[in-house]
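The primary structure of each chain is shown beneath.
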Amino acid sequence: MIRVLVWNENMHERTDEEVQKVYPEGIHSAIAQGIEHEDFEVQTATLEQPEHGLTQEILDNTDVLIWWGHQGHHMVADEIVNRVHQRVLDGMGLIVLHSGHFSKIFKKLMGTSCDLKWREADEKERIWVVNPAHPIAAGLGEYFELEREEMYGEHFDIPAPDELILVSWFEGGEVFRSGCTYHRGNGKIFYFRPGHEAYPTFYDTNVLKVISNGVRWAALQGAAKPVYGNHKPLEKIKLK
Ligand code: ZN
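Predicted model, so just to flag it, every value in this text is computed and none were measured.

Novice: Describe the overall build of the chain, with residues and values.
Specialist: A tally of helices and strands in the chain yields seven helices and nine strands. Relative to the globule expectation of 18 Å for 240 residues, the C-alpha radius of gyration of the chain, 19 Å, shows essentially globular dimensions. Considering only C-alpha atoms, the chain reaches an extent of 75 × 40 × 35 Å along its principal axes. Split into buried and exposed, the 240 residues of the chain put 51% on the buried side. Considering only intrachain contacts with a sequence separation of at least 6, the fraction spanning at least 24 residues in the chain is 72%. Within the structure as shown, the chain displays about 11,800 Å² of accessible surface, and the carbon and sulfur contribution to it stands at 52%.

Novice: Account for the coordination of the zinc ion, with residues named and values stated.
Specialist: With distances of 2.0 to 2.1 Å, the protein atoms coordinating the zinc ion are His 98 (NE2), Glu 150 (OE) and His 196 (ND1). Between consecutive donor residues of the zinc ion, the sequence gaps follow H-x51-E-x45-H. Placement of Glu 150 in strand S6 (residues 143-153) and of His 196 in the loop between strand S9 (187-192) and helix H7 (205-219) is noted, with a sequence separation of 46 residues between them. The exposure class assigned to Glu 150 is buried, which follows from its relative accessible area of 5%. Classification of His 196 by relative accessible area gives buried; the value is 2%.

Novice: Describe the environment of Glu 51, and please don't skip the residues or the numbers.
Specialist: Looking at where Glu 51 falls in the secondary structure, it is placed in the loop between strand S2 (40-46) and helix H4 (56-60). Look at Glu 51 and you get partly exposed, because its relative accessible area is 40%. Separated by 28 residues in the primary sequence, Glu 51 and Glu 79 have C-alpha atoms spaced 9.2 Å apart. Look past the residues within four positions of Glu 51 in its chain and what remains in contact with it is Ile 80 and Arg 83.

Novice: I'd like to hear about a nonpolar patch on the surface, residue by residue, with values.
Specialist: Taken together, the side chains of Trp 128, Val 130 and Tyr 143 define a hydrophobic patch exposed on the protein surface, amounting to about 270 Å² of accessible area. With respect to the helices and strands, the residue Tyr 143 is situated in strand S6.

Novice: I'd love a proper account of H7, names of residues and values included.
Specialist: For H7, which comprises 15 residues, the first-to-last C-alpha distance of 21 Å matches the rise-based estimate of 21 Å (1.5 Å per residue) to within 8%. Counting buried positions along H7 yields 11 of 15 residues, so the element is predominantly enclosed. Residues of H7 that are buried include every one of Val 207, Leu 208, Val 210, Ile 211, Ser 212, Asn 213, Gly 214, Val 215, Trp 217, Ala 218 and Ala 219, and no others. A side-chain oxygen of the first residue of H7 lies 3.0 Å from the backbone nitrogen of Asn 206; this N-cap is Asp 204.

Novice: Residue-level account of the layout of surface pockets, with values.
Specialist: Estimated volume of the largest pocket: approximately 200 Å³. Along its surface, the largest pocket is lined by 14 residues, and His 70, His 101, Trp 118, Glu 150 and Tyr 152 are the ones closest to its centre. Contributions of two or more residues to the lining of the largest pocket are made by strand S5 (117-129) and S6. If you add up the space inside the second largest pocket, you get close to 160 Å³. In terms of lining, the second largest pocket is formed by Arg 3, Val 4, Leu 5, Glu 41, Gln 43, Thr 44, Ala 45, Gln 49, Gly 53, Ile 58, Asn 61 and Thr 62.

Novice: Break down the pattern of salt bridges for me, with residues and values.
Specialist: Here the structure, examined in full by the defined rule, presents 15 salt bridges. Across the pair Glu 79 and Arg 83 runs a salt bridge whose closest N-O atoms are separated by 3.6 Å. Separated by four residues within a single helix, Glu 79 and Arg 83 lie in helix H5 (residues 78-89), roughly one turn from each other. Residue Glu 79 is classed as exposed on the basis of its relative accessible area, which comes to 56%. One network of salt bridges, with partners in common, ties together Glu 51, Glu 79 and Arg 83.

Rules behind the numbers
Numbering of residues starts from 1 in each chain and follows the order in which that chain's sequence is written. Local features in this predicted model are restricted to residues whose pLDDT is 70 or higher, and side-chain atom pairs enter the listing and the counts only when it is 80 or higher, whereas totals over whole chains, interfaces and linings include all residues. The basis for the side-chain values is all heavy atoms of the structure; hydrogens and waters are excluded. Labels follow the DSSP assignment, with helices taken as runs of H or I lasting at least four residues and strands as runs of E lasting at least two, numbered in each case from the N terminus. The quantity called the radius of gyration is restricted to C-alpha atoms. Its globule counterpart is 2.2 Å times the number of residues to the power 0.38. Exposed residues in this analysis have more than 50% of their type's maximum accessible area, buried residues have under 20%, and partly exposed residues fall in between, with area computed by a 1.4 Å probe over protein chains only. When checking whether two residues touch, look at their non-hydrogen atoms; a contact exists if any pair is within 4.5 Å. Computed by Shrake-Rupley with a 1.4 Å probe, the accessible areas treat only the displayed protein chains as cover when residues are assessed. As a rule, N, O and S atoms within 2.8 Å of a metal are its donors, except that Na, K and Ca use 3.2 Å; water is not among the atoms, so sites may look incomplete. Candidates for patches are residues over 30% relative accessible area with no salt bridge; among them, like charges are joined within 9 Å and nonpolar side chains (Val, Leu, Ile, Met, Phe, Trp, Tyr) within 5 Å. Salt bridges are defined by distance alone: a side-chain nitrogen of Lys or Arg within 4 Å of a carboxyl oxygen of Asp or Glu. A helix is expected to span 1.5 Å for every residue after the first. Between N or O atoms, a polar contact is any pair within 3.5 Å; within protein, one atom must be a potential hydrogen donor and the other a potential acceptor, and residues adjacent in sequence are included only when both atoms are from side chains. Here the term cavity refers to a set of points on a 1 Å grid, laid over the protein atoms alone, in which a 1.4 Å probe fits but cannot get out; the term pocket refers to an open set having protein on both sides within 12 Å along at least five of seven lines, with lining residues being those that place an atom within 4 Å of a point. Grid points are joined across faces, edges and corners, and a volume is the space filled by probe spheres set on the points.

Function cannot be inferred from these measures alone, as they are strictly geometric.
See the structure below:
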């Protein structure tokens, strides 16, 4: 079983009627229901919970954390950000969605401003697969489209991704690196662009497929966790 935790600040959904109509139970519930698979055990957590629902115990029992935030980035306590950061270095997978590009945890992991161009103009987004052999692209066509989305445009101030999987084109003419992977310590990170709160993006089959694929990719563990520090020799070292 892959233990997935969907984290959402859950603010727009409680204050903005338009967003409430799209996500009456919150973005986190839509994602949690949308990615349900037999081998996923999906839980949710939100900003207003004690310790933002991200206690050490909860994080220790999470294989992949999915992050959606926007208005409340500054309300996430640094202590919790450091805790999530350490769990990523220890091997927890992290999927950062849409406006999570400006979250404290993503900026800390990237080390850059993570800034970009944006525009809300109800425009079409066409998302091209540029790495068809990658497991995150499994089951997708050559591209898929979202009829209405917010535009994010280059330059996106991120370190060069380890792997670039998706590139978006927008009706207004901009392009954007929409699916990027990183390794930090023993953890894997996947940034996925779509998911503006005013649009039903998290009900889209392809979007949910990408997130589910991302969960499987980020959860996959490699070798045993490395041991650091002073080390006894494995072979006898000859006296010289
Ligand atoms: Zn947005």
